[in-house]
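# Fold and geometry: a report
One-letter residues, chain by chain:
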Amino acid sequence: MSAPKILILRAPGINCERETHDAFTRAGGAPSFVHVNELVQAPDRLFDYRVLAVPGGFAYGDDISSGRVLAQELRHRLGDRLLRFVDRGGLAIGICNGFQVLVRLGLLPCTQGRLEEEVTLTHNLSNHYECRWVTLRTQKSRCVFLPPDLTLRWPAAHGEGRLIPRDTRLAQVLRDEGYAALCYVDAEGQPTEQYPQNPNGAPMGFAGLCDRSGRVLGMMPHPDRSYLPTHMPDWRRRQLADGTLPRDGDGMVVFTEMVKVARAEG
Amino acid sequence: MEAWRVEVLVQKQQPDPAGTAAQRALGAAGIEATEVRSRRGYLLATGLPEAQVREFARAVLTDPVVEQFVVHAPGASDPVLPRGQHRITVLPRPGVTDPVAHSVQKAMVDMGLPAIATGTYKAFDITAAAEPQDLTQGARRALANDVIQEVLYGRLPPGLPGAGGKADLAVHPIPLAHLDRVGLETLAKNGGLALDALEMETIQAHFGKLGRAPTRMELETLAQTWSEHCKHKTLTGRVRFEGKVIDNLLKSTIAHVTRTLNRDFCVSVFVDNAGIIKFDDVDSVCIKVETHNRPSAIEPFGGAGTGVGGVIRDVLGTGLGARPIANTDVFCFAPPDLKQEQVPQGCLHPKTVMQGVVAGVRDYGNPMGIPTVNGSIHFDENFVGNPLVYVGNIGILPTARAHKQAHAGDLIVALGGRTGRDGIHGATFSSLELHTESEKISSGAVQIGDPITERKVMDAVLAAAAEDLFSAITDCGAGGFSSAVGEMAEGLGAEVELDAVPLKYAGLAPWEIWISEAQERMVLAVPPGKLERLRQVCAQESCELTVLGTFTQSGRLVVRHGGTQHSDLDLQFLHHGLPVRERDAVWSAPQLADPQIPPPTDLRRELLTVLADFAVASKEWVIRQYDHEVQAASAGKPLCGLAEDGPADAAVLQPKPGSLRGIVLANGLNPRYSRIDPAAMAECALDEAMRNVVAAGGDPDYTAVLDNYCWGNTRQAQKLGELVRATQALCALAMTYRTPFVSGKDSLHNEFRTGDRTISIPGCILVTAMSVIPDVTRTLTSDLKRKSSLLVMVGTTKRELGGSVWWKTKGQLGASVPRVDPALGHRVLIGTARAIAARAALAAHDCSEGGLGAAVVEMALGGRIGVRVDLDKVPAPERLRAEELLFSESQSRILLEVPPDRLGDLQANLRDTPFAVIGEVTGGTDVTFVHGGKPCCTVSLGDAERAWKRPLDFDGTLVQEAGR
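## Observations regarding the overall build of chain B
- Secondary structure summary: chain B contains 32 helices and 40 strands in total.
- Taken over C-alpha atoms, the radius of gyration comes to 29 Å for chain B, in line with the 30 Å a tight globule of 964 residues would show.
- Reported as C-alpha extents along the three principal axes, the dimensions of chain B are approximately 85 × 75 × 60 Å.
- Here chain B, with 964 residues, has 65% of them falling under the buried criterion.
- Surface exposure of chain B reaches about 32300 Å², of which carbon and sulfur atoms provide 50%.

Laid out in structure tokens, this is it:
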């Protein structure tokens, strides 16, 4: 079976495209870079791919607010193609700034199946950017590729990552109806709002969301910076305890499972 | 120009972190506010009807979940606020770069609206019982920087700045022939040229022979090119020192070491923007460290940010384009708790400087997507007028593309940002001393960065490099186009036409366009046949491209504007006409003695005080604001250990995901030693950088180093003597360590004049060390890993407390500054590295500021595990007291955690090197030191953590963490 084609979106200020590309390659995917300037010229090129990945960075400087200008560009230049892409069986992932873009676009969580902004990712309660490793727990969710009940350590690195739903009713829907795919957790594995385990103060520990179809996933922390064993902050201790390094870092599972599903669905 | 004003604010029931931060900042400035709410303001030119303004505000400017907006029509009256409520508006001064404005415009176009003029501002609604005047004063300090921003009280911003004035296009010949020495000096001084009498006379003679006056542009070009910043004329001049004449100090010392060692891993040294060494069979790595001190003193945020941007461009412009992969930053400040009355007029408070610098590095480095992996921060009262901001960058490039050569016929092409009046006279400004008025007169030298424009330039350059679309490249740094084109044209010639240069606003005179230091620009030499493809690549990356002219064979630098010639300079004179400077240098040791300090009764308290000194204290508050993970190449992080808060000695990078090959990067600097002996300072910097490399698992025999000088006024013989002495000591040690210098930089005249007092910084050489290793899985960290391991000290401890942190906590300097025994130091480095390579150690940490005591506690904190150390076992040539063993800062010492069954491997690798087992990892929660058979100092990990984390915990979140 051939490697699924993956579109790695580039744009001015997106800066995690190389690691996202490398992680997908390692997972057996066939990623290629497409600049947003190329995509808006020929928007139907989107349908040549099985997976759309929006990497992290500072698209257009995160001017106005994070991800806003790129989301605005995609919404006006691609129209409803993004929804059709998912309807036709495409998969999508947004990491960090990419997550912010998908949220501003309304592709996440998309509980009503239309592009509207239901949640936001806004300024950390600390009011500044912060880079630290966090512990996440994958929840039982709609996501068709992210396995539940995994405890994972990924680095978070953002200034606008506090996920706020439009109202409390939506917050409950996200938690109870399988949208909240990833949560920051405490030492007991429970979702937490406590700093620093939760680096931005997001209610209910929300760290990542999927959409209604389960085919789109976004998260603030970075699996693309934790896919190799030597990315992990404690690899020396793991090596000492086990006598050897694990094959992968904790972030690899996202790429492996995504490629696996894309391939199985052909 | 009238404009719509849209203000976006956080909904009432939502927290407003920016408002809370402003409230805290105002509090620090003495304004107690009960509430502060923030507003983001946008100015939109009047062409748009109100309905479209509202639609744009709703759909784009406002976050529908947590924000709301208000619209003020053009000409709307100022807000009327209830008593006790105040409105403060902060807006950029005219001509200051406003990067967000461009994105706002782009978003309008994407929505199908016309591309009208836009601008941005900030506003704050403040509830406080304060007088408007006091509030405005406080806001000027706490919420704005007067140099680049205006503060309005109770008013809306008046509108958009105008389109700029009419340019003065005249050539302006500047007659010199009639001037005497004093007249020439006055001309140079009034013009901010930073040229001395001899240099002015040389220029006078040159144009005398030509029988004409230089034009303003020619004189400015000469001033930029001959500036200390660009030509390093002190270090390359002639110096008389201790009865000898040294011709070209740099060549006969630093470069001499590199030439003599002739290490085979050096690919390109001292000729390019950065030094290049081999990484593997295909690729090389390059490294450059710069200083950006003056701009950072005046405007810390912009200064530090554009410093980072500049050094990234240096690396991008190395060889035929290198990909930047890591930043390293080292700062020197006055202590952040300095009393306001001790801050001289014209200086910002050191805490303000520190917060601004950190934010500047953060807000440039992070958006660039380049991890800041390593650095250090140093404190000394004498940095109050001249903070030091060292910014470094590493890049990777194919070895086959390590050399460049422009050819006659190549087009001169500029990429990137637009040109404005920013940074005019930056190069010459950085060669003058600062004084009380500098803040006011030199605001033109301040630059504001726009990292996303630079990111576009970087993406475009790397894409063009991959297709081999240019034959030479350099960055536009100090001196702007004049330096960049002037340098590339050396040995050739150039014809430049400035009409096509895209400007930020109208009104720039041709000479201003030519020397502007507007950021984010690169200059390329492009074969004409490749221009079209380069245009396509740049269009794809949204990067602006301008053809400036052509390289020629004329040997002349010809510049025109609108067909009128403004410059016709002889390149030979421009680059080699600078008269050799001759200076006297003397050094006499300062009259110092060691203090008599009675044996302390409570060593625990002494240790906690040392841990809480700014020099030793945790830098976590700074580190976490930098992205150190982007690019996914970090195999050794700046914070390590069980709770990821222990200090790392060096960064470990794994730049190619398919390979275990790596880079170890470290720094060494101790300004305080310079107050006693600059030679000690220099040696210790190199030794510390190398210890850090080795402690992290680097290879001392495959390490290149950089020397970065920051000095006081070297026109004084004593200051120059200090510099010569330091350089000689540094070079002697580098010869023994076999470490070639591959790049360096100097920033001289770091003095601040206030009233009749001159504050000079202690002379500093920052040594940055970069090692290449075959396998990152053999590197290690400083945190203790396992109960029952042995703690081993490699190296010997002497009574060397001069300049130590411990004596500083007693208000003492002393005389017995640490010196390096080169032969012993080399054995320690090589032996320890071999032992680590043989996997004899689980952890390693160098002993530096705070001595053995601080180093042991840091290792224990990192591992959250107790340790017991017997001070009597510490190798020492003479009997020392407990506090001397704890706090001596003797060099060439590394602590290792060694499993008992690996002691044999350690011994085998440290045959001729003093070392001893000095303790054991106990598994408890205390660090205990034993002396004379009895515990003399026991400190719990919790107390140590609080003492160590609190001093630089500016958000108050780290210590709370310690309570977990």
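Having seen it, we continue.
## A closer look at the interface of chain A and chain B
- Taken together, the contacts link 64 residues of chain A with 77 residues of chain B.
- Roughly 5500 Å² of surface becomes buried between chain A and chain B when both sides are summed, with 53% attributable to carbon and sulfur atoms.
- The largest contributions to the chain A side of the interface with chain B come from A:I64, A:R236 and A:R237, which together make up 14% of the buried area.
- Remark: the boundary between chain A and chain B carries nine salt bridges.
- A salt bridge links B:D459 to A:R10, with the shortest nitrogen-to-oxygen separation between them at 3.4 Å.
- Summed over the shared surface of chain A and chain B, the number is 33 residue pairs in polar contact (both at pLDDT 80 or more).
- When residues of the side of chain A that touches chain B are traced back to their parent elements, those giving at least two are α1 (17–26), α2 (36–41), α3 (68–78), β5 (119–122), β6 (130–138), β7 (151–158), β8 (162–165) and α7 (235–242) of chain A.

## Some thoughts on the environment of B:V80
Residue and element names in this part refer to chain B.
- In this fold, V80 is placed in the loop between β3 (67–72) and β4 (85–92).
- In this structure V80 comes out as exposed when scored by relative accessible area, which is 79%.
- Along the chain, V80 and K949 lie 869 residues apart, while their C-alpha atoms are 45 Å from each other.

## A word on the confidence of the model for chain B
Residues and elements named next belong to chain B.
- When pLDDT is averaged along chain B, the result is 93, and 97% of the positions lie at 70 or above.
- Contacts from residues 437–443, a stretch scored under 50 in pLDDT, to residues over four places away or in other chains number eight contacts.
- Reported confidences for the modelled complex are a pTM of 0.95 and an ipTM of 0.97.

## Describing the pattern of salt bridges
Residues and elements named next belong to chain B.
- Taken as a whole and judged by the stated rule, the model has 88 salt bridges over all chains.
- Among the salt bridges present, the one from D247 reaches R238, with a minimum N-O distance of 2.7 Å.
- The exposure class assigned to D247 is partly exposed, which follows from its relative accessible area of 47%.
- In this structure, the salt-bridge partner of R881 is E883, at a minimum N-O distance of 2.6 Å.
- For R881, a relative accessible area of 35% corresponds to the partly exposed category.
- Here the salt bridges do not stand alone but share partners, grouping E620, R624, D645, R864, E945 and K949 into one network.

## Quick notes on the sheet that holds strand β20 (residues 545–551) of chain B
Residue and element names in this part refer to chain B.
- Spatial strand order, β17-β19-β15-β20-β18-β21-β22: seven strands in an open sheet with mixed pairing. Either end of the sheet is taken by a strand with one partner, and the two such strands are β17 (472–475) and β22 (564–570). The mean inter-strand angle of the sheet, taken between neighbouring strand axes irrespective of direction, is 20 degrees.
- In the sheet, β17 pairs with strand β19 (residues 521–526) via four bridges, with the strands oriented antiparallel. Within β19, the position partnered with A472 by the bridge is A525.
- With respect to the sheet, helix α17 (residues 480–488) is in contact with β15 (411–416), β17, β18 (494–497), β19, β20 and β21 (556–561), its orientation differing from that of β19 by roughly 30 degrees.
- Sitting on the sheet, helix α19 (residues 531–540) touches β15, β19 and β20, and the angle it makes with β20 is about 155 degrees.

## Describing the packing of α1(A) against helix α8 (residues 252–264) of chain A
All names here are of chain A.
- Taken N-terminus to C-terminus, the directions of α1 and α8 make an angle of 60 degrees; their axes are 8 Å apart at the nearest point. Here α1 lies oblique to α8, going by the angle between them. Considering how the two elements wind past one another, α1 and α8 form a crossing that is right-handed. Along its contact with α1, which presents A23, F24 and R26, the element α8 presents M252, F255, M258 and V259.
- Across the contact of α1 with α8, the residue classes break down as six nonpolar, no polar and one charged.

## Digging into the pairing of strand β38 (residues 915–921) of chain B
Residue and element names in this part refer to chain B.
- Direction of pairing for strand β34 (residues 790–794) relative to β38: antiparallel, over a ladder of five bridges. By the bridge assignment, L790 is partnered in β38 with E920.
- Of the pairings in the sheet, the one linking strand β36 (residues 867–870) to β38 comprises three bridges and is antiparallel in character. Across the sheet, R868 pairs through a bridge with E920, a residue of β38.

## Some remarks on the side chain of B:R893
All names here are of chain B.
- Along the chain, R893 turns up in the loop between α29 (882–887) and β37 (894–898).
- The side chain of R893 sits in the buried core without any salt bridge; E800 is the nearest counter-charge, 7.0 Å away.
- Not counting the four nearest positions on each side in its chain, R893 is found in contact with R691, M793, V794, G795, T796, T797, D846, C847, G851, L852 and S888.

## Quick look at the nonpolar core
- Among the nonpolar cores identified, the biggest contains 109 residues, and A:F24, A:L70, B:V6, B:L44 and B:F56 are the most heavily contacted of them.
- Ranked by residues supplied to this core, first place goes to α8(A) with eight residues.
- Residue contacts for B:L44: discarding those within four places in its chain leaves B:A3, B:W4, B:V6, B:V53, B:F56, B:V104, B:M108, B:I116, B:A117, B:T118 and B:L160.
- Of all hydrophobic cores here, the second largest spans 71 residues; its members include B:V239, B:I246, B:A650 and B:A840.

## Regarding α3(A)
- A large share of α3(A) lies buried, amounting to eight of its 11 residues.
- Restricting attention to buried positions, one finds in α3(A) the residues A:R68, A:V69, A:L70, A:A71, A:Q72, A:E73, A:L74 and A:L78.
- Those residues of α3(A) that are buried lie in contact with β1 (5–10), α2, α4 (81–87) and α5 (97–105) of chain A together with α2 (50–61) and α3 (99–110) of chain B.
- One or two steps after α3(A), the chain reaches A:G79, where phi turns positive at roughly 60 degrees.

## Details of unusual backbone geometry
Residues and elements named next belong to chain A.
- P109 follows L108 through a cis peptide bond whose omega is -10 degrees.
- Tracing the sequence through the fold places P109 in the loop between α5 and β5.
- The step from Y195 to P196 runs through a cis peptide bond, and the omega angle for that step is 0 degrees.
- Mapping P196 onto the fold places it in the loop between β9 (180–184) and β10 (206–210).
- Positive phi, close to 60 degrees, is recorded for M204, a residue that is not glycine.
- By the secondary structure assignment, M204 is in the loop between β9 and β10.
- A relative accessible area of 24% places M204 in the partly exposed class.

## Some remarks on the sheet that holds strand β5 (residues 118–128) of chain B
Residue and element names in this part refer to chain B.
- Strand order in the open sheet formed by six strands is β3-β1-β2-β5-β4-β6, with antiparallel pairing between adjacent strands. Looking at strand neighbours, the two that pair on one side only are β3 and β6 (149–153), the edges of this open sheet. Between one strand and the next, the sheet's axes are offset by a mean angle of 25 degrees, whatever the strand orientation.
- Pairing geometry for strand β1 (residues 3–10) and strand β2 (residues 33–45), over seven bridges, is antiparallel. When the sheet's bridge partners are listed, R5 is paired in β2 with L43.
- The strands that helix α4 (residues 132–142) touches are β4, β5 and β6; relative to β6, the one it contacts most, it runs at about 160 degrees.

## With respect to the pairing of β18(B)
Residue and element names in this part refer to chain B.
- Burial along β18 is one-sided: A494 and V496 are buried, while E495 and E497, pointing the other way, are not.
- Pairing of β18 with β20, which is carried by three bridges, proceeds in the antiparallel orientation. Paired with V496 across the two strands is G549, which belongs to β20.

Reading guide: rules and limits
- Residues numbered from 1 in each chain as written.
- Chains lettered and ligands numbered in written order.
- Predicted model: local features only at pLDDT ≥ 70, side-chain atom pairs only at ≥ 80, totals over all residues.
- Heavy atoms only, no water.
- Helix = DSSP H or I, 4+ residues; strand = E, 2+ residues; numbered from the N terminus.
- Rg over C-alpha atoms; globule rule 2.2 N^0.38 Å.
- Buried < 20%, exposed > 50% of the residue type's maximum accessible area, 1.4 Å probe, protein only.
- Areas by Shrake-Rupley, 256 points an atom, 1.4 Å probe, with all protein chains shown as cover.
- Contact = heavy atoms within 4.5 Å.
- Buried area = accessible area lost by both parts, 1.4 Å probe.
- Salt bridge = Lys/Arg side-chain N within 4 Å of Asp/Glu carboxyl O.
- Polar contact = N/O pair within 3.5 Å; in protein donor to acceptor, adjacent residues only side chain to side chain.
- pLDDT = per-residue confidence, 0-100.
- Pairing = 2+ DSSP bridges.
- Axes fitted to C-alpha atoms, helices over the stretch in contact; angles between N-to-C directions.
- Parallel < 35°, antiparallel > 145°, perpendicular 65-115°, else oblique.
- Left-handed = near helix turned anticlockwise from the far one by under 90°.
- Nonpolar A, V, L, I, M, F, W, Y, C, P; charged D, E, K, R; others polar.
- Lys, Arg positive; Asp, Glu negative; His and termini not counted.
- Core = buried A, V, L, I, M, F, W, Y, C linked by side-chain atoms within 4.5 Å.

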